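Architecture and fold: a report
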Amino acid sequence: MKKKSSAGYDVFFAITRYNNIKIAYSHDLYVQPDERKILQMKARVKIDELIGDDIRAHGVELDIGRIIRGWEERPGPTRMPGIGDLREWDHKLLKKYPPHYLPFCDLCCLCTMGKCDLSRGKRGACGIDMAAQQSRIVLLSASIGTATHTGHARHLLERLIETSGRDHHLDIGASVNLEAPNIRLVTGIKPITLGDLEDVLDYCEKEITQLLACCHTGQEGNNIDFESKVFHAGMIDHVAMEAADIAQISSLNFPKGDPEAALVDIGIGCLDPGKPSILVIGHNVAPSVEITDYMRDHGLEDAIDLAGICCTALDLTRYNNQAKIVGPLSHQIRFIRYGGADVIVIDEQCVRTDVVIEAEKVHAPVIATSCKNFQGLPDRTRDTVDSIVGDIISGKSTGAAILDPVKAGEVAVRLATAMFPKRRKFRAIPDEATVAAAAKVCGGCENCRRVCPNDLPLSEAIAAAGKGNLSLLGELYESCIGCTRCEAEGVCAKGLMPHTMILGASRIRMGKEKFRVRCGRGPIQDTEIRAVGGPIVMGEVPGVLGMVGCSNNPGSWKDVGFIAEEFLKRRYIVTTSGCAAMQLGMYTTEDGQGLYEAYPGTFDAGGLVNCGSCVSNAHISGAAIKIASIFARRQLNSNYEEIADYVHNRVGAVGIAWGAMSQKASSIAAGFWRLGIPVIVGPHGAKYRRMLLGRKDHTEDWEVIDARTGERVYAAPTPEHLFAVAETREEAMVLIPKLCMRPSDTTKGRSIKLNHYVDLHRKFFGVMPDDMHLFVRTTADIPVAMKDDIQKALRQTDWKEGDGRIPDPTLLPRLVRRGGGAE
Ligand code: SF4
Ligand code: SF4
Ligand code: SF4
């Protein structure tokens, strides 16, 4: 017997006999012959009744084998690549962009033969040298980041399969036929259902295990091979992020590539102090969904404020537009101390590890919902809601770990209602008079400033506060990242708490902090790629920026918005995600508009595209892959090297992670590097320990192969770097247009890009760039409005007019169409 399941799949039912054993079973092959073929088979067999001479069983389930979905495109050379399969490609990139290491310390203390001094060319007891050790740390960081996204994806997927079913059809929008560019490119799987994503994550988990194994003592010893593995970690990271996001978009009905996704509230002042409130912190949206559902089911949507910090907040607003975003990671301590939360629900990643201590200061209970992050709270998953709520309200316990999201949702809502009248929004922030009085004892020793990662002038501000002027302290509010290092034990001999004093001086403004951010739209539509792919590849859209990462800014959070606005005005496409997306919402233009109100959400010139949370970064890399696949019709299936070669040489994209902080930020960046997309970080990014910098004076590094003829052609340093630190926002803004140049730029495209590069260089540094002559191929490349100035500058160099041929650029000899023997 055969019938369709709810997801439209063929389900077989049968009764059979084997050796006198009667088996009544059904199996679900997930087969739609018109679009898939079975390469290997995986079947879930449910045996309703098993009766034999010596056996009788009911409800037995067996998983057999594996189905790998095939699709119409033939697989390319690297299906589910292992850690060595793309080594050749990685080495090509690393030859162009050799690693420059910035060791934090000269020692290695990873094993018990150490610690070993690796300075001045010395090797450790295991034989490792400084370069390999630094790249091993980079690999560890990227592997942690990848494992974190993959672990998140796995937990989320398990939950979504529980609620929606393994055969739940993936639907991320009618205009998004290429639903999973990273997954299809790397694994060769065209995922149709949630269950298919399990195969994808199986692959990711296997690769992460191998990557971590490479960090063991006496394993990899060559820094370039370590770096290749870093790239591998990054590629896997984007696959896992994509799996997580398309699963939640499909199952939770998030916006599906909608450029007009709703504008939602962001800012501490968006919460109503007259209402109970729940604060969610972290990245896994599952518990927040249950809180929302419980509130909806009990008619409490208007009675309780539900707000979040970090990516859980962004994903929550994709599910529930009424929810509010408090702000990025830097807002965590300040909001807790502000007392705005009557209960705090934490899940995973980027949660302050002192959250329970901070919450106790304002009498707010904490509910932990992830086994990755118990925070020492007792596991009450199996207890009744009444007993958990009762114990917390009575003060018997300060919180609980509840790993059942439905139960955690109910507990959170009931606790918020019960705690609200007891707490009365109790705060741990002093008023202005208390700050001024305390400031009088400051001895001006500058210890607090010395430990501040942003070198904020705390002692001057505190001295002014002691004289009754709190404005200098208030001015530090936007540049303080809330790390609390200035309040650590032993920093201030006078016992002052500089960070708390900043908050005291900013109390009133915190209550008025209100902005709007467009909630995450998810993927870029195929139609958008078709429309804009040509102008991007030819350079007529001057570039695509990916503004991503955390809130570990070197200065004001407004710098992120300042950078974005400049490039939006210049008609670049600005994509964003995570904490960076929030910071863009917290920026106001000169006209008093929010950035998301001033610029459309379309993936087009001048569009500001918020894809969503951290895991939505996969849509940004996915857009670059889609340009190669949809616009240029390059083979996608398991064809990583060719697609990366296309993206590197033609798609003028650059990532900016101005406030990058975490290991996840490093793995996200690594995923862009393997595609050949450059990434710029702010000054704190130097602590990632190495940069990938091109040498523009090495002419031979910048040759590409013209795929039409096989000839080697000098294509200038385009792009010049793969990973670079900018010390100031101005430096970053000059680097961006330069790193958007590509060998394939048409003369019109190169002229547009040069125009922005020269204009921004003159605007911020007052002079023409000294390397401009490298990027002018012929006089046709020179922007008309700058012709005289540029020609004058060119005459002062050894610039020579080129022959005007624009190559069909590639780094891969096998892509030469007429032979040519370029390598
Ligand atoms: S891993 Fe090598 S360098 Fe590090 S402590 Fe052990 S022996 Fe020394
Ligand atoms: S909390 Fe703010 S002021 Fe204090 S050290 Fe950190 S960044 Fe500096
Ligand atoms: S450490 Fe304390 S005493 Fe020294 S400048 Fe800072 S606040 Fe003043």
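Residues numbered from 1 in each chain as written. Chains lettered and ligands numbered in written order. Predicted model: local features only at pLDDT ≥ 70, side-chain atom pairs only at ≥ 80, totals over all residues. Heavy atoms only, no water.

A word on the overall build of the protein. Each helix and strand in the protein was counted, giving 27 helices and 26 strands. Against the compact-globule benchmark of 28 Å for 823 residues, the protein has a radius of gyration of 28 Å, which places it among compact chains. With the C-alpha coordinates of the protein rotated into their principal frame, the extents come out at 90 × 80 × 60 Å. Each of the 823 residues in the protein was classed as buried or not, and the buried ones make up 62%. Residue pairs in contact within the protein that sit at least 24 positions apart in sequence constitute 74% of those at least 6 positions apart. Of the accessible surface of the protein, which amounts to about 30800 Å², a share of 51% is contributed by carbon and sulfur atoms. (Helix = DSSP H or I, 4+ residues; strand = E, 2+ residues; numbered from the N terminus. Rg over C-alpha atoms; globule rule 2.2 N^0.38 Å. Buried < 20%, exposed > 50% of the residue type's maximum accessible area, 1.4 Å probe, protein only. Contact = heavy atoms within 4.5 Å. Areas by Shrake-Rupley, 256 points an atom, 1.4 Å probe, with all protein chains shown as cover.)

So, about the site of ligand 1. Close contacts around ligand 1 come from Cys108, Leu110, Cys111, Met113, Gly114, Cys116, Gly124, Ala125, Cys126, Ile128, Arg136 and Thr217, and that covers them all. Of the residues in the shell around ligand 1, the class split is eight nonpolar, three polar and one charged. (Near = heavy atom within 4 Å. Nonpolar A, V, L, I, M, F, W, Y, C, P; charged D, E, K, R; others polar.)

Before going further, it helps to spend a moment on the confidence of the model for the protein. Averaged over every residue, the pLDDT of the protein is 92; residues scoring 70 or more account for 92%. Taken as a whole, residues 1-13 scores under 50 in pLDDT and shows 40 contacts with residues more than four places along the chain or in a different chain. Across residues 29-41, where pLDDT falls below 50, the model places 39 contacts with residues more than four positions away in sequence or in other chains. (pLDDT = per-residue confidence, 0-100.)

What follows covers the site of ligand 2. Around ligand 2, the neighbouring residues are Cys452, Pro453, Leu456, Leu458, Cys480, Ile481, Gly482, Cys483, Thr484, Cys486, His499 and Ile502. When its residues are assigned to classes, the shell around ligand 2 shows nine nonpolar, three polar and no charged.

Another point: the packing of helix 12 (residues 432-439) against helix 16 (residues 498-505). At a minimum axis separation of 8 Å, helix 12 and helix 16 run at an interaxial angle of 140°. With respect to each other, helix 12 and helix 16 are oriented oblique. The element helix 12 and its partner helix 16 pack so that their crossing is left-handed. Contacts between helix 12 and helix 16 involve Glu432, Val435, Ala438 and Ala439 from the first element and Met501, Gly504 and Ala505 from the second. Tallied by class, the residues present in the contact of helix 12 with helix 16 amount to five nonpolar, one polar and one charged. (Axes fitted to C-alpha atoms, helices over the stretch in contact; angles between N-to-C directions. Parallel < 35°, antiparallel > 145°, perpendicular 65-115°, else oblique. Left-handed = near helix turned anticlockwise from the far one by under 90°.)

Another point: helix 10 (residues 385-393). Val385, Ile388, Val389, Asp391 and Ile392 are the residues of helix 10 that are buried. Along the axis of helix 10, the buried positions cluster into a sector of 165°, meaning they face one direction only. Where the residues of helix 10 are buried, they touch strand 14 (366-368), strand 15 (399-401) and helix 11 (405-423). Trailing helix 10 by a residue or two, Gly395 shows a phi angle of about 85°, which is positive. (Arc of directions from axis to C-beta.)

Strand pairing within a sheet occurs via backbone hydrogen bonds; the two strands may be parallel or antiparallel. The sheet built from eight strands is open, its strands ordered 6-22-25-21-20-17-18-19 with mixed pairing. At either margin of the open sheet sits one strand with a lone partner, and together these are strand 6 (99-101) and strand 19 (608-612). Here the average twist between neighbouring strands, direction ignored, is 25°. Across two bridges, the pairing between strand 22 (residues 690-693) and strand 25 (residues 721-725) is antiparallel. The residue bridging Leu692 from the neighbouring strand is Phe723, located in strand 25. On top of the sheet, helix 22 (residues 617-631) reaches strand 17 (544-547), strand 18 (573-577) and strand 19; it is set at about 145° to strand 18, its chief contact. (Pairing = 2+ DSSP bridges.)

Our next topic: the sheet that holds strand 26 (residues 809-810). Reading across the sheet, the three strands line up as 24-23-26 and stay open at both edges, with antiparallel pairing between neighbours. If you trace the sheet from one side to the other, it starts and ends with strand 24 (712-714) and strand 26, each paired once. In this sheet, strand 24 lies alongside strand 23 (residues 703-706) in antiparallel orientation, the contact comprising three bridges. Looking at strand 24, one finds that Ile705 is bridged to Arg712.

The next point concerns the environment of Met733. Position of Met733 relative to the elements: it lies in helix 25 (residues 729-739). Given the relative accessible area of 0%, Met733 is considered buried. Linking Met733 and Gly165, residues 568 residues apart in sequence, is a C-alpha distance of 47 Å. If near-sequence neighbours (up to four positions away) are discounted, Met733 is found in contact with Phe562, Ile563, Glu566, Phe567, Leu760 and Phe764.

On the secondary structure map, Arg424 appears in the loop between helix 11 and helix 12. Looking at Arg424, the relative accessible area reads 69%, which means it is exposed. Between the C-alpha atoms of Arg424 and Lys687, which are 263 residues apart in sequence, the distance is 42 Å.

Attention now moves to the packing of aromatic side chains. Going through the model one piece at a time under the given rule, you end up with seven aromatic pairs. Relative to Tyr338, the ring of Phe335 lies with its centre 6.4 Å away and its plane at 25°, an arrangement referred to as stacked. Highlighted residues: Phe335 and Tyr338, both in helix 8 (residues 332-338), separated by three residues, approximately one helical turn. Like Phe335, the residue Tyr338 is buried in the burial classification. Geometrically, the ring pair formed by Tyr477 and Trp557 is edge-to-face, given 6.0 Å between the ring centres and 75° between the ring planes. (Phe/Tyr/Trp six-rings, centres within 6.5 Å; stacked < 30°, edge-to-face > 60°.)

All right, on to the side chain of Glu478 then. Its location among the elements puts Glu478 in the loop between helix 15 (471-475) and helix 16. The class for Glu478 is buried, based on a relative accessible area of 14%. In this structure the side chain of Glu478 is engaged in a polar contact, spanning 2.9 Å, whose partner is the side chain of Arg509. In contact with Glu478, other than residues within four places in its own chain, are Arg509, Gly555, Ser556, Trp557 and Lys558. (Polar contact = N/O pair within 3.5 Å; in protein donor to acceptor, adjacent residues only side chain to side chain.)

Extensive coverage of helix 25 is indicated by the burial of eight of its 11 residues. Listed as buried for helix 25 are Ala732, Met733, Val734, Leu735, Ile736, Pro737, Lys738 and Leu739.

Looking at where Arg634 falls in the secondary structure, it is placed in the loop between helix 22 and helix 23 (640-650). At a separation of 3.1 Å, a polar atom in the side chain of Arg634 contacts the side chain of Glu642. Residue contacts for Arg634: discarding those within four places in its chain leaves Glu73, Ala628, Ser629, Glu642, Ile643, Tyr646, Arg650 and Leu815.

Here we come to the pattern of salt bridges. Evaluated as defined, the whole model comprises 61 salt bridges. We note a salt bridge from Arg159 to Glu290, for which the minimum N-O separation is 2.9 Å. Of this pair, Arg159 sits in helix 2 (residues 130-164) while Glu290 is found in helix 6 (residues 286-297), placing the two residues 131 residues apart along the sequence. Exposure remark for Glu290: the relative accessible area of 13% places this residue in the buried category. Shared partners join several salt bridges into a network, and the residues in it are Arg337, Glu358, Lys361 and Glu487. (Salt bridge = Lys/Arg side-chain N within 4 Å of Asp/Glu carboxyl O.)

It is worth spelling out the packing of helix 19 (residues 558-569) against helix 25 at this point. Packing of helix 19 against helix 25 leaves a shortest axis separation of 11 Å and a crossing angle of 30°. For the element pair helix 19 and helix 25, the recorded crossing hand is right-handed. Side by side, helix 19 and helix 25 meet where Asp559, Phe562, Ile563, Glu566 and Phe567 of the first sit next to Arg729, Met733, Ile736 and Pro737 of the second. Per-class residue counts for the contact of helix 19 with helix 25 are six nonpolar, no polar and three charged.

A few words now on the pairing of strand 13 (residues 343-346). A two-sided burial pattern is seen for strand 13, the buried positions comprising Val343 and Val345 on one face and Ile344 and Ile346 on the other. Across four bridges, strand 10 (residues 277-281) lies against strand 13 in parallel orientation. For Ile278, the partnering residue across the bridge sits in strand 13 and is Val343. Between the parallel pair strand 13 and strand 14, the chain is carried across by helix 9 (residues 355-361), and the sense of this crossover is right-handed. (Right-handed = clockwise from strand over helix to strand, strands pointing away.)

Before going further, it helps to spend a moment on the pairing of strand 19. Counting buried positions along strand 19 yields five of five residues, so the element is predominantly enclosed. The pairing of strand 18 with strand 19 spans four bridges and is parallel. Bridge pairing in strand 19 places Val574 opposite Leu608.

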